Amino acid sequence: MQYIKPKRNVPEELVNENIHFREVLVIGPDGQQLGTMMRREAIEKAYELGLDLYCVAPNAKPPVCKILDYGKFKFNEQKKARESKKKQQVTQVKPLRLSPVIDQHDFDTKLKHAREWVEDGQKVKVDMRFRGRMITRKEVGEKVMNQFIEQISDIAVVDKAPSMEGNTMSVVLSPRKK
């Protein structure tokens with residue numbers, strides 16, 4: 001029985017022997033242009049310097065390859081990716097559920113929580129679920145939702161206007177820009 005190597009969907013990096021272009025434009029390790037060369041000749045030139053030939057622009061005519069230390073290049077790319085990931089600010093969307101027949105005290109408590117979250121810089125998604133026959137009285141729910149939006153409008157702005165999705169009315173609030 002013969003083992004058949006499975007094909008992977010991962011694109012191969014265009015380095016050294018994986019470069020399949022006949023002619024390439026070569027850039028030296030210090031950034032100077034060495035001109036157009038045959039692939040084999042360019043790879044030999046890189047090996048003479050103890051470095052790798054990496055294709056930086058495969059779609060160019062002719063493809064552009066650079067002589068560099070591929071391991072160091074890959075490490076620096078990963079390092080840049082980690083740094084940019086650290087600097088990203090992830091905004092969390094906090095859920096909040098209201099009811100069309102909510103009591104005033106419960107309403108105030110939910111409003112207080114929403115204010116805390118918005119002041120912390122988080123977005124708040126307010127859902128109002130209509131259960132049973134409440135769906136026939138959407139205007140009551142809209143009134144409660146509009147009252148909620150009005151009372152938090154000094155620190156929050158509506159990202160996504162109130163809309164019905166099935167039996168749930170939703171609105172997304174985000175912090176006001178300073």
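Since the structure is predicted, the reported quantities are computational estimates derived from the model, not experimental observations. (Residues numbered from 1 in each chain as written. Predicted model: local features only at pLDDT ≥ 70, side-chain atom pairs only at ≥ 80, totals over all residues. Heavy atoms only, no water.)

**A look at the sheet that holds strand 5 (residues 93–98)**
Then step 1. Read across the sheet, four strands follow the order 5-6-8-7 without closing on themselves; strand pairing throughout is mixed. Unpaired on one side and paired on the other, strand 5 and strand 7 (156–165) mark the two borders of the sheet. The mean inter-strand angle of the sheet, taken between neighbouring strand axes irrespective of direction, is 20 degrees.
Then step 2. Running over the sheet, helix 3 (residues 104–119) touches strand 5, strand 6 (123–129), strand 7 and strand 8 (168–175) and is turned about 170 degrees from strand 5.
Then step 3. Helix 4 (residues 138–152) contacts strand 5, strand 6, strand 7 and strand 8 of the sheet and is inclined by roughly 5 degrees relative to strand 8. (Pairing = 2+ DSSP bridges. Helix = DSSP H or I, 4+ residues; strand = E, 2+ residues; numbered from the N terminus. Axes fitted to C-alpha atoms, helices over the stretch in contact; angles between N-to-C directions. Contact = heavy atoms within 4.5 Å.)

**Side note on the pairing of strand 2 (residues 33–38)**
Then step 1. Two strands pair when backbone bridges link them, and strand 1 (residues 23–27) and strand 2 are joined in this way by five bridges, in the antiparallel orientation. If you follow Val26 over to strand 2, its bridge partner there is Gly35.
Then step 2. Hairpin connection from strand 1 to strand 2: five residues lie between these consecutive antiparallel strands, with Gly31 at a positive phi of about 95 degrees.

**A closer look at the packing of aromatic side chains**
Then step 1. A full pass over the atoms with the stated rule returns four aromatic pairs.
Then step 2. With a centroid separation of 5.7 Å and 90 degrees between ring planes, the pair formed by Phe107 and Phe148 is classed as edge-to-face. In this pair, Phe107 sits in helix 3 while Phe148 sits in helix 4, placing the two residues 41 residues apart along the sequence.
Then step 3. When its relative accessible area of 0% is taken as the criterion, Phe148 is described as buried.
Then step 4. Within the aromatic cluster, the residues linked to one another by ring pairs are Tyr54, Tyr70 and Phe73. (Phe/Tyr/Trp six-rings, centres within 6.5 Å; stacked < 30°, edge-to-face > 60°. Buried < 20%, exposed > 50% of the residue type's maximum accessible area, 1.4 Å probe, protein only.)

**Comments concerning unusual backbone geometry**
Then step 1. Look at the link from Lys61 to Pro62: it is a cis peptide, with omega at -10 degrees.
Then step 2. When you line up the elements, Pro62 lands in the loop between strand 3 (52–57) and strand 4 (64–68).
Then step 3. One non-glycine residue with positive phi stands out, namely Asn16, at about 45 degrees.
Then step 4. As for its position among the elements, Asn16 is in the segment before strand 1.

**Observations concerning the side chain of Ser170**
Then step 1. Here Ser170 shows up in strand 8.
Then step 2. Given the relative accessible area of 1%, Ser170 is considered buried.
Then step 3. Ignoring sequence-local partners within four residues, the contact set of Ser170 consists of Lys125, Val126, Asp127, Lys160, Ala161, Pro162, Ser163 and Glu165.

**Some words on the nonpolar core**
Then step 1. Counting 20 residues, the largest nonpolar core has Val126, Phe148 and Leu173 as its most contacted members.
Then step 2. The contacts of Leu173, once residues within four sequence positions are left out, are Lys123, Val124, Val126, Phe148, Ile149, Ile152, Ala156, Val157, Val158 and Asp159. (Core = buried A, V, L, I, M, F, W, Y, C linked by side-chain atoms within 4.5 Å.)

**Focus: the confidence of the model for the protein**
Then step 1. When the pLDDT values of the protein are averaged, the result is 85; 92% of them are 70 or greater.
Then step 2. Per-element confidence in the protein ranges from a low mean pLDDT of 86 for strand 7 to a high of 92 for helix 3.
Then step 3. Within the model, pLDDT remains below 50 along residues 6–10, and this stretch shows zero contacts once partners closer than five positions in the same chain are excluded. (pLDDT = per-residue confidence, 0-100.)

**A short note on the pattern of salt bridges**
Then step 1. Taken as a whole and assessed by the stated rule, the structure comprises six salt bridges.
Then step 2. In this structure, Glu139 and Arg137 form a salt bridge, with 2.9 Å as the shortest nitrogen-oxygen distance.
Then step 3. Judged by its relative accessible area of 44%, Glu139 is partly exposed.
Then step 4. Its relative accessible area of 49% is what places Arg137 among the partly exposed residues.
Then step 5. In this structure, Glu165 engages Lys160 in a salt bridge whose closest nitrogen and oxygen atoms are separated by 3.1 Å. (Salt bridge = Lys/Arg side-chain N within 4 Å of Asp/Glu carboxyl O.)

**Considerations on the state of the cysteines**
Then step 1. Inspection of the entire model under this criterion finds zero disulfides.
Then step 2. With no disulfide of its own, Cys55 lies 3.8 Å from the sulfur of Cys65, the closest cysteine sulfur. (Disulfide = S-S within 2.5 Å.)

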